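Here's the letter readout for the chains.
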Amino acid sequence: MIYRTVGQFKTSYASDQALFPVRQDAFLLGIILLFAWVIFPLTASEFAFQTLLIPILIYALAAMGLNILTGYAGQLSLGTGAFMGVGAYACYKLITIFPWMNPVVAILLSGIFSAGVGVVFGIPSLRIKGFYLAIATLAAQFFLVWLFEKWSWLYNDNASGAIQVPNLDMFGVFVAGPQAASITQYFVVLAIVSLMTVLCINLTRGNQGRIWKATRDMDIAAELIGINLMKSKLTAFAVSSYIIGVSGALFVFMWRGAAEPNLFDIPLSFRVLFIAIIGGLGSIMGNYLGAILIVGLPVVLNIVPEAIGLDIKSATVEHLNIMIVGALIVFFLIIEPHGLAALWRLVREKLILWPFPH
Amino acid sequence: MKHWKTLAAAAVVSSFGAAALAESIYVPNLSYRTGPFAATGIPLMNGQRDYFEMLNARDGGIGGVMIDFEECETGYSTEKGVECYEKTKGNAVVTQPWSTGITLQVLPKSNVDQIPILANGYGFSPMADGRTFQWAFNAPAGYWDAASMLITHLDGLDGGLSGKKVAFLHLDHPYGKEPIPLYEKLASEKGFEFLPIPVGLKEMQNQSAQWLQIRRERPDYVVMWGWGAMNAGAITEAVKTKFDMSKFYGVWWSGHDADLDLVGADGAGYKSISWSFPNPDAGVMADIKTHVVDTGKTLSNPDEMAGVFYGRGVVMSMILAEAIAGAQAEFDTGVVTPDQVRWGLENLNLTEERLAELGMEGMVPPFSTSCADHTGHSGAWILEWDGEKFAKASDLLQADVDGYSELLAASAKEYAEANAPWPVNESCDAMN
């Protein structure tokens, strides 16, 4: 009923190829954007900004980067955490070497370093596939984290080996560091993440996206129809690593405020991979749904017992939390192995047909 | 008339009710009873918790105000730690961050949120400089104190350190790397060779490569800066490679009874420096037994309560309780604010007599803090594992604070510059 498409006629090719062939989709997106840009910033508390809104956006961006590589181009990667680290350390060096640099520019530039490193570690993908490639990216993961620990130039020879975000301002307003207000950081993150999302949607719908999908579905066939596999795979690595690098810089500069090398270790890679898989490989929206489930849900579950007045020990809540989230992941994967985005697609299709299930 | 009486009674009751709600001091603790470090966390958390439970049961809190002591579970994860910090900071009078990672996150925010950070015996050593770190405290002793005391102690043993070799087995993490600048400085002063041997977070349980290196290098002493699984790994590996345990020293976080229990008598001779010592005969332990254990409120057990870490947890809570009590006396109020607790932490004066009054004889050395000195530099004892338990093996050692005050001031200044604009309290002049 809500999703009735009756009367929405397509009279030109352009309208048939539009981003939202169904008007309700655009309407829904408008509501979500209204919430993200207006309602959440007006109502959210400091706690909500720091533990829900900002991390969900940043993790969703990281998963989106990985999704370009794994979901669209079919190249499995376990090095996401390390590529995020490259972005974070690059941003840190840029900011400390050029203190006058605009923080947002620094964040966007740091992705370029990550893209370069990604391309280098993507070269093995020309020869090896699937799980074997995953192992090669795993090597990147271990090597880069080791480098973050041992190359003291990266953290300006700080005795503790950690990087600390200084206070950075943009047009007189602090955007990073301890003096920055959460709401400012949220808007910076939201703006960058929105920009990247628009970029990704258009990239994956266009020519390049089709090249990647062809590579993913069957690389020999793709080669036969004239796709340059080297170019296709390496651009996937470059674009994906760029986005991951930007998310890494946001991760440290707009959220954590400080980072030690082991933050970028393999658990982070797995976390982002889980978000991408549970959200749905080969989908942009799935990254957000996955991030909400993996990053947001545990935080919400943690405050539920207190909110309803149950007196449970904090440690017990934590144990319960791990069990509940684990069970939910299994549950969602059983009802829809292709992730939350596929689940939403199914629900939407049923809604369009409703009330005539045939 | 009758109506008025009931109304008045209701008003009185409700005002009491409101007062009772407001009349408590919220003390959160970012605990870790889950995750890879839980084994070391639980006894410490239990000690901290039981002391406040005891105060609430015995004295009705501090100065007649109940202490609302609440744990927020972090599992030692920095992400969860920040979540807990955001969740608790609204009403908290203090932040006890526990992990170095969380401390690093919270420290820059301390000037903005204005909640004191209490990191007893851990965290960033330059926090001792109270002028730069106005809101951070690491009483009673910091890591640089530990390094200084250990080297002084080793220097006093057969013929001094000159020409000897000291291996520094440490966790490759901010925590383990922190004392290296001081060790290097001391090495050049005292003329010993300093050999840092890092243990990666992933190698904590399998240190065969590190111990092979130790066997090859034949150091005169091994000093360990370990935490969690790394301690047990190092100690079992030392026993396996037949390293002379009497040449093996650890920082206070490497002196956990359970780690040594694994090797039992084979570990005899291992030493750990510590600013706390479990004294089961102390008055405070008897009070905890009567008011917390016997009423079934404890989460601990007798074995654990006799250990070093439980005792340390009790001492930590005592330091905080003293700060709260001091603040109450100074500002003549019951419910203290974070700012007042900061004053209390800055003006701790735990003399021998005060410790005896608190029933803490021999559990912590006497110390005092000031506006400029946020550590107190209490000194520490060397504890030796005798095969069953830790026993005091030295007199009270004192750190050579003057010897590293330059390094400390330089690090503090560097931190302040890196985090500019960073307010520095110019009103206190005396440095440590």
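On a predicted model such as this, the values are computed, not experimentally measured, just so you know.

**Regarding the overall build of chain B**
Line of reasoning, step 1. Within chain B, the secondary structure is distributed over 17 helices and 13 strands.
Line of reasoning, step 2. Radius of gyration (C-alpha) of chain B: 22 Å, near the 22 Å computed for a compact globule of 432 residues.
Line of reasoning, step 3. Counting only C-alpha atoms, chain B reaches 95 × 50 × 40 Å along its principal axes.
Line of reasoning, step 4. Evaluated residue by residue, chain B yields a buried proportion of 61% over its 432 residues.
Line of reasoning, step 5. Residue pairs at least 24 apart in sequence account for 71% of intrachain contacts in chain B once pairs closer than 6 positions are excluded.
Line of reasoning, step 6. Here chain B displays about 15900 Å² of accessible surface, and carbon together with sulfur accounts for 53% of that area.

**Notes on the packing of aromatic side chains**
In this description, an aromatic ring pair is defined by two values, namely the gap between the centres and the angle between the planes.
Line of reasoning, step 1. Under the defined criterion, the tally for this structure stands at 50 aromatic pairs over all chains.
Line of reasoning, step 2. Ring centres of B:Trp227 and B:Trp253 lie 5.5 Å apart, and the angle between their planes is 70°; on these two criteria the pair is classed as edge-to-face. Taken together, the residues span a long stretch of sequence, with B:Trp227 in the loop between strand 7 (221-225) and helix 10 (229-240) and B:Trp253 in the loop between strand 8 (248-250) and helix 11 (257-261) at a distance of 26 residues.
Line of reasoning, step 3. Of the residues examined, B:Trp253 reaches a relative accessible area of 3% and is grouped as buried.
Line of reasoning, step 4. Each member of the aromatic cluster is reached from another via a ring pair, and the members are B:Tyr32, B:Phe37, B:Tyr76, B:Trp98, B:Tyr122, B:Trp227, B:Trp253 and B:Phe309.
Line of reasoning, step 5. Directly above the aromatic system of A:Trp255 lies the positively charged group of A:Arg256, at a separation of 5.4 Å from the ring centroid.
Line of reasoning, step 6. Note that B:Arg342 overlies the ring of B:Trp135, its terminal NZ or CZ placed 5.1 Å from the centroid.

**Here we look at the confidence of the model for chain B**
Line of reasoning, step 1. Put simply, chain B has an average pLDDT of 86, and 94% of its residues get 70 or more.
Line of reasoning, step 2. Note that pLDDT drops below 50 for residues 4-21 of chain B; the model gives that stretch zero contacts with residues more than four away or on any other chain.

**What about the nonpolar core?**
Line of reasoning, step 1. Grouped together as the largest cluster of nonpolar side chains are 133 residues, with contacts concentrated most on B:Trp225, B:Phe248 and B:Trp253.
Line of reasoning, step 2. Among the elements that make up this core, the one with the highest residue count is helix 14 (residues 308-331) of chain B (13 residues).
Line of reasoning, step 3. Taken domain by domain, this core gets at least three of its residues from each of domain 1 (24-142 + 278-378 + 411-418) and domain 2 (144-276 + 383-405) of chain B.
Line of reasoning, step 4. Core analysis: the next-biggest nonpolar cluster, separate from the first, contains 85 residues, A:Leu53, A:Ile68, A:Val86 and A:Leu190 among them.

**Considering the pairing of strand 5 (residues 165-171) of chain B**
Residues and elements named next belong to chain B.
Line of reasoning, step 1. Of all the seven residues making up strand 5, seven are buried; the element is thus mostly covered by neighbouring parts of the structure.
Line of reasoning, step 2. Residues Lys165, Ala167, Leu169 and Leu171 line one face of strand 5 and the alternating positions Val166, Phe168 and His170 line the opposite face, and both faces are buried.
Line of reasoning, step 3. Relative to strand 6 (residues 193-199), strand 5 runs parallel, the two being bridged by seven bridges. When the sheet's bridge partners are listed, Val166 is paired in strand 6 with Phe194.

**Here's the deal with the domain arrangement of chain B**
All names here are of chain B.
Line of reasoning, step 1. Examined at the domain level, chain B breaks down into domain 1 (24-142 + 278-378 + 411-418) and domain 2 (144-276 + 383-405).
Line of reasoning, step 2. Relative to domain 2, the C-alpha centre of domain 1 lies at a distance of 26 Å.
Line of reasoning, step 3. Summing both sides of the interface, domain 1 and domain 2 together bury roughly 2400 Å²; the carbon and sulfur share of this comes to 63%.
Line of reasoning, step 4. Of all residues in domain 1, Val308, Arg312 and His377 bury the most surface against domain 2, accounting for 23% of the area lost on that side.
Line of reasoning, step 5. For the pair domain 1 and domain 2, the number of links is zero salt bridges.
Line of reasoning, step 6. The tally of links between domain 1 and domain 2 comes to 15 residue pairs in polar contact (both at pLDDT 80 or more).

**Describing the environment of B:Ala420**
Residue and element names in this part refer to chain B.
Line of reasoning, step 1. By secondary structure assignment, the location of Ala420 is in the segment after helix 17 (401-418).
Line of reasoning, step 2. Since its relative accessible area comes to 40%, Ala420 is described here as partly exposed.
Line of reasoning, step 3. On a C-alpha basis, the gap between Ala420 and Leu345 in space is 25 Å, while along the polypeptide they are 75 residues apart.

**Quick look at the pattern of salt bridges**
Line of reasoning, step 1. In total, this model carries 29 salt bridges over all chains according to the counting rule given.
Line of reasoning, step 2. Here A:Asp217 and A:Arg216 are joined by a salt bridge, their closest N and O atoms 3.1 Å apart.
Line of reasoning, step 3. On the basis of relative accessible area, A:Asp217 is assigned to the exposed category, the value being 58%.
Line of reasoning, step 4. A:Arg216 gets classed as partly exposed once you look at its relative accessible area, which sits at 34%.
Line of reasoning, step 5. B:Lys389 serves as the salt-bridge partner of B:Asp386, at 3.5 Å between the closest nitrogen and oxygen.
Line of reasoning, step 6. Note on B:Lys389: relative accessible area 47%, which makes it partly exposed.
Line of reasoning, step 7. Among the charged side chains, a network of salt bridges with common partners joins A:Glu46, B:Glu86, B:Lys89, B:Lys109 and B:Asp113.

**With respect to the interface of chain A and chain B**
Line of reasoning, step 1. Each partner contributes to the interface: chain A provides 37 residues, whereas chain B provides 35 residues.
Line of reasoning, step 2. Carbon and sulfur atoms supply 52% of the area buried between chain A and chain B, which totals about 3100 Å² over both sides.
Line of reasoning, step 3. Counting across the chain A and chain B interface gives five salt bridges.
Line of reasoning, step 4. We note a salt bridge from B:Glu79 to A:Arg256, for which the minimum N-O separation is 3.0 Å.
Line of reasoning, step 5. Where chain A meets chain B, there are nine residue pairs in polar contact (both at pLDDT 80 or more).
Line of reasoning, step 6. Listing elements by their share of the side of chain A that touches chain B, those giving two or more residues are helix 3 (46-72), helix 6 (130-150), helix 10 (229-256), helix 12 (285-307) and helix 13 (314-335) of chain A.
Line of reasoning, step 7. Looking at the side of chain A that touches chain B residue by residue, the class counts come to 16 nonpolar, eleven polar and ten charged.

**Details of the sheet that holds strand 7 of chain B**
All names here are of chain B.
Line of reasoning, step 1. Reading across the sheet, the seven strands line up as 6-5-7-8-9-12-13 and stay open at both edges, with mixed pairing between neighbours. The sheet is open, and its two edges are formed by strand 6 and strand 13 (390-392), each paired on a single side. Strand-to-strand twist in this sheet, taken as the mean axis angle between neighbours without regard to direction, amounts to 25°.
Line of reasoning, step 2. Helix 9 (residues 208-217) rests against strand 5, strand 6, strand 7 and strand 8 of the sheet, and its axis sits at about 165° to strand 6.

**Observations regarding the state of the cysteines**
Where two cysteines share a covalent bond between their sulfur atoms, that bond is called a disulfide.
Line of reasoning, step 1. Applying the stated rule across the entire model yields one disulfide over all chains.
Line of reasoning, step 2. Two residues share a disulfide in this structure: B:Cys72 and B:Cys84, whose sulfurs sit 2.0 Å from each other. Since a negative S-S torsion denotes a left-handed disulfide, the B:Cys72-B:Cys84 link at about -75° is left-handed. Of this pair, B:Cys72 sits in the loop between strand 2 (66-71) and helix 3 (78-88) while B:Cys84 is found in helix 3, placing the two residues twelve residues apart along the sequence.
Line of reasoning, step 3. In this structure B:Cys72 comes out as buried when scored by relative accessible area, which is 5%.
Line of reasoning, step 4. A relative accessible area of 2% places B:Cys84 in the buried class.
Line of reasoning, step 5. With no disulfide of its own, A:Cys91 lies 19 Å from the sulfur of A:Cys200, the closest cysteine sulfur.

**So, helix 15 (residues 338-346) of chain B**
Since the α-helix turns once every 3.6 residues, residues separated by three or four places project in the same direction.
Line of reasoning, step 1. Of all the positions in helix 15 of chain B, only B:Gln340, B:Val341, B:Arg342, B:Gly344, B:Leu345 and B:Glu346 are classed as buried.
Line of reasoning, step 2. For helix 15 of chain B, the secondary structure elements touched by its buried residues are strand 3 (117-118), strand 4 (136-137) and helix 14 of chain B.

**Thoughts on a nonpolar patch on the surface**
Line of reasoning, step 1. Together, A:Leu19, A:Phe20, A:Leu29, A:Leu33, A:Leu34, A:Trp37, A:Val38 and A:Leu42 give the surface a local cluster of nonpolar side chains, amounting to about 710 Å² of exposed area.
Line of reasoning, step 2. Overall, the relative accessible area of 40% leaves A:Leu33 in the partly exposed class.

**Side note on the packing of helix 2 (residues 38-59) of chain B against helix 14 of chain B**
Residues and elements named next belong to chain B.
Line of reasoning, step 1. Following both chains from N to C, one finds helix 2 and helix 14 inclined at 45°, their axes separated by 7 Å at the closest point. Regarding the angle of helix 2 to helix 14, the classification is oblique. For the element pair helix 2 and helix 14, the recorded crossing hand is right-handed. Each of Thr40, Pro43, Leu44, Asn46, Gly47, Gln48, Asp50, Tyr51, Phe52 and Leu55 in helix 2 lies in contact with helix 14, whose residues at this interface are Phe309, Tyr310, Arg312, Gly313, Val314, Met316, Ser317, Met318, Leu320 and Ala321.
Line of reasoning, step 2. Split into classes, the residues belonging to the contact of helix 2 with helix 14 amount to twelve nonpolar, six polar and two charged.

**Regarding the environment of A:Ala249**
Residues and elements named next belong to chain A.
Line of reasoning, step 1. Among the secondary structure elements, Ala249 is positioned in helix 10.
Line of reasoning, step 2. Residue Ala249 is classed as buried on the basis of its relative accessible area, which comes to 0%.
Line of reasoning, step 3. Linking Ala249 and Leu109, residues 140 residues apart in sequence, is a C-alpha distance of 9.7 Å.
Line of reasoning, step 4. If sequence neighbours within four positions are ignored, Ala249 has contacts with Met84, Gly87, Ala88, Cys91, Ile107, Ser110 and Met254.

About the thresholds
Residues numbered from 1 in each chain as written. Chains lettered and ligands numbered in written order. Predicted model: local features only at pLDDT ≥ 70, side-chain atom pairs only at ≥ 80, totals over all residues. Heavy atoms only, no water. Helix = DSSP H or I, 4+ residues; strand = E, 2+ residues; numbered from the N terminus. Rg over C-alpha atoms; globule rule 2.2 N^0.38 Å. Buried < 20%, exposed > 50% of the residue type's maximum accessible area, 1.4 Å probe, protein only. Contact = heavy atoms within 4.5 Å. Areas by Shrake-Rupley, 256 points an atom, 1.4 Å probe, with all protein chains shown as cover. Phe/Tyr/Trp six-rings, centres within 6.5 Å; stacked < 30°, edge-to-face > 60°. Lys NZ or Arg CZ within 6 Å of the ring centre and 35° of its normal. pLDDT = per-residue confidence, 0-100. Core = buried A, V, L, I, M, F, W, Y, C linked by side-chain atoms within 4.5 Å. Domains from an automatic or database assignment. Pairing = 2+ DSSP bridges. Buried area = accessible area lost by both parts, 1.4 Å probe. Salt bridge = Lys/Arg side-chain N within 4 Å of Asp/Glu carboxyl O. Polar contact = N/O pair within 3.5 Å; in protein donor to acceptor, adjacent residues only side chain to side chain. Nonpolar A, V, L, I, M, F, W, Y, C, P; charged D, E, K, R; others polar. Axes fitted to C-alpha atoms, helices over the stretch in contact; angles between N-to-C directions. Disulfide = S-S within 2.5 Å. Patch = residues over 30% accessible without salt bridge, like charges linked within 9 Å, V, L, I, M, F, W, Y side chains within 5 Å. Parallel < 35°, antiparallel > 145°, perpendicular 65-115°, else oblique. Left-handed = near helix turned anticlockwise from the far one by under 90°.

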